[in-house]
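# Structural overview for review
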Amino acid sequence: MIKPLRKRHLQIWTAIAVLLPIGIILSWLVIPNPVPVKILPTANVDLLPVIQDKKETAQYCLNLRSNSDKTSWQLEWKNKLELTVPSAVIYAPLNPPEGEMQSFTVDRAQLIGRIEARGDYVFPLKVDSAKKNELNLVVYDFIHEKIIDSITLKTLR
Amino acid sequence: MSASYSAVGWNRQKKIYDGLIAGFCIGYLALFISLTLIFNEQATFETILIRSTSTLAVLLLHVILAIGPLCRLNKKFLPLLYNRRHLGVTMFSLALIHGSFSILQFHALGNTNPLVSLFSSNTNYGSLPAFPFQALGFFALIIFFLMAITSHDFWLHHLSPKVWKSLHMFVYLAYFLVVMHVMLGVIQYEKNPLFVAIIFIGAVTLVTLHLLAANKERRTDHRQFALQKEGFVSVCGVNDIEDSRAKIFCIDKERIAVYRHENKLFAIHNVCKHQGGPLGEGKILDGCITCPWHGYQYLPQNGQSPPPFTEKVSTYDVKVVDGKVWLNPNPYPEGTERPGCLV
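What counts, and where the lines are drawn
Residues numbered from 1 in each chain as written. Chains lettered and ligands numbered in written order. Predicted model: local features only at pLDDT ≥ 70, side-chain atom pairs only at ≥ 80, totals over all residues. Domains from an automatic or database assignment. Contact = placed C-beta atoms within 7 Å. Helix = DSSP H or I, 4+ residues; strand = E, 2+ residues; numbered from the N terminus. Nonpolar A, V, L, I, M, F, W, Y, C, P; charged D, E, K, R; others polar. Pairing = 2+ DSSP bridges.

All names here are of chain B. Along its sequence, chain B is organised into domain 1 (12-220) and domain 2 (228-342). Measuring from the centre of the C-alpha atoms in domain 1 to the corresponding centre in domain 2 gives 38 Å. Opposite the eight residues of domain 1 that make contact, domain 2 presents eight residues. Those elements giving two or more residues to the side of domain 1 that touches domain 2 turn out to be α3 (78-82) and α8 (161-168). Among the residues forming the side of domain 1 that touches domain 2, the class breakdown is five nonpolar, one polar and two charged.

Structure follows, in C-alpha cells:
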C-alpha cells in the first residue's frame with residue numbers, strides 16, 4: 001500500500017471509530033415504543049373460556065376472549081390466508097375521535113402485538129369493560145406507515 | 001498473474017478456498033433455516049430467506065474488512081488476502097438475495113413500482129427512530145454491486161489502480177450504511193440487546209484492528225536512520241534479512257524492499273504496480289520477487305516483470321560494509337538493471 005492510501009485508510013477508520021459508536025448508541029436509545037418480540041402461538045397459551053365478541057373476514061378471524069368475571073382478557077388472531085402485509089402491528093388507539101380512525105398515530109395508541117404473514121396469535125389485553133363497552137383496534141403496516149384495517153369489538157355481551 | 005484475462009483465475013488454492021466458502025455458507029444457511037423452523041413455525045419462506053442471507057452477508061462483510069489489517073499485523077493471514085475477491089462477490093450475492101426478496105416481500109404487492117415504493121413509502125428522513133432504513137441498505141447494495149462487477153483485473157487495468165482503489169474504498173461507507181441499516185431497521189422492532197451487542201462488538205473489533213495496523217505502519221514510516229555516508233543509509237545487519245525474504249525500510253517517505261537472494265542483496269521499490277501491494281512482505285518464488293497480495297512477480301536484479309509482462313518498479317543501490325547493510329534511497333528509473341551486492 002502506498003503512503004497516501006495508508007493515510008486515507010487511517011483517516012477513514014478514525015472517522016468510523018467516532019461515528020459508528022455514536023450511530024449505534026443513538027439508534028439504540030431512540031427505539032420508540034418497541035414492537036414486542038414475543039409472538040405467542042395459540043398452542044402455548046391457555047385460552048380464556050368466554051368469547052365476548054368475534055370478527056371474521058376472508059383473511060382472518062378474531063376472537064375477543066375473557067374469563068367469566070371479565071378480569072382477564074385476550075385477543076385471539078387467526079390468519080385464514082397469508083397476509084399480503086408480511087409484518088403488521090395491532091394497536092388500540094387511546095381516546096380515538098368519534099368514528100375517526102384516520103387521525104390514528106402510533107404515539108397515541110397502546111401496542112397490542114405483532115402478527116406475521118401466517119399463523120395464530122394470542123395477545124393479553126387490558127380492558128375495563130365497566131368503563132368502555134367497545135374495543136377499537138387498528139392493524140398497522142409499520143413498513144409503509146399506513147392503516148391496514150380498523151376493527152371494533154364489543155366488550156359487553 | 002497471467003498474460004490474458006479469464007473470468008476466474010482458478011488454481012488449486014483458489015478452488016480449496018472457494019470450496020471452504022461454499023461449505024461454510026451452505027452450513028450456515030442450513031443451520032439458520034433449521035433453527036428458525038424449530039423455534040418459529042409461523043415464519044414464511046421469504047422471511048427465513050431474508051433473515052438468513054442478511055445475517056450471513058453481514059458476517060462475511062466483517063470477515064472481509066478484517067482481512068486487510070490482519071495481514072498487515074501478521075503475514076500468516078496473507079493467503080486470505082490473495083482470495084478476498086471471491087469472498088466479496090459471495091457476500092454481494094447474499095446481499096442481493098436479501099435485498100431482492102425484501103423488495104419483493106415489502107414493496108412488490110401494491111400498485112406502486114417496488115423501487116418507487118422503497119423510497120416513497122417512508123419519507124421520515126428527519127426522524128432517527130422512523131428513518132427509512134431500507135434506503136440505507138439499498139445504497140450499500142449499489143456500492144457492493146459496483147465493487148463486484150469491477151472485481152476483476154480487466155477493470156483494474158482499464159480504470160487504473162488509483163480509480164479502482166478509490167472505488168473499492170467505498171466499502172467503508174457501505175459498511176457504515178449496513179450497520180445503520182441494521183440498527184435503524186431490525187433492531188427497532190426486535191429489541192434484543194444481543195443483536196446490538198453483536199453489531200457493537202463487530203464494529204469495535206474492526207476499528208481496533210484497522211487502527212492497530214495503521215499504528216504499526218506508522219512506526220515503520222517514522223523509523224529514524226542515524227548513520228549516513230555518501231548518500232547511503234545504514235539500515236540493518238546482513239543477518240537480519242532471511243534468504244528469499246526482504247526487510248522494508250522507509251527513507252525520505254519512500255518504502256524500499258531489500259531482498260536477499262542467492263547470497264546477494266537487491267533493493268527495489270516496495271509498491272507493486274498491480275494494486276500497490278507491499279512487495280517486501282512477499283518472497284522469492286522461481287527466482288522472482290512475488291507480491292503477497294495477488295502474485296505479481298518482478299526480477300530482483302532489475303525490478304521488471306518476467307516476459308511477456310511489462311510491469312516495472314524502481315531499483316536502488318545497496319552495499320554491505322562490516323556486516324551492515326547500506327542503502328541508497330535515490331531510485332534508478334523503473335526497470336534499471338543493478339548487479340546486487342554480495343553478502
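Along the chain, the position of Ile51(A) falls in strand β1 (residues 50-56). As for Ile51(A) and Leu111(A), which are separated by 60 residues in sequence, their C-alpha atoms are 21 Å apart.

Turning to the sheet that holds strand β6 (residues 283-285) of chain B, a few remarks are in order. Residues and elements named next belong to chain B. In space, the three strands of this open sheet follow the order β6-β7-β8, with antiparallel pairing throughout. With one partner strand each, in any of the chains shown, β6 and β8 (297-298) form the two edges of the open sheet. Across three bridges, the pairing between β6 and strand β7 (residues 288-290) is antiparallel. Opposite Leu285, over in β7, you have Cys288 as the bridge partner.

Each partner contributes residues to the interface: chain A has 36 residues there, and chain B has 38 residues. Considering each element in turn, the side of chain A that touches chain B owes the most residues, 18 residues, to helix α1 (residues 3-29) of chain A. Each residue belonging to the side of chain A that touches chain B can be placed in one class, and the counts come to 24 nonpolar, six polar and six charged.

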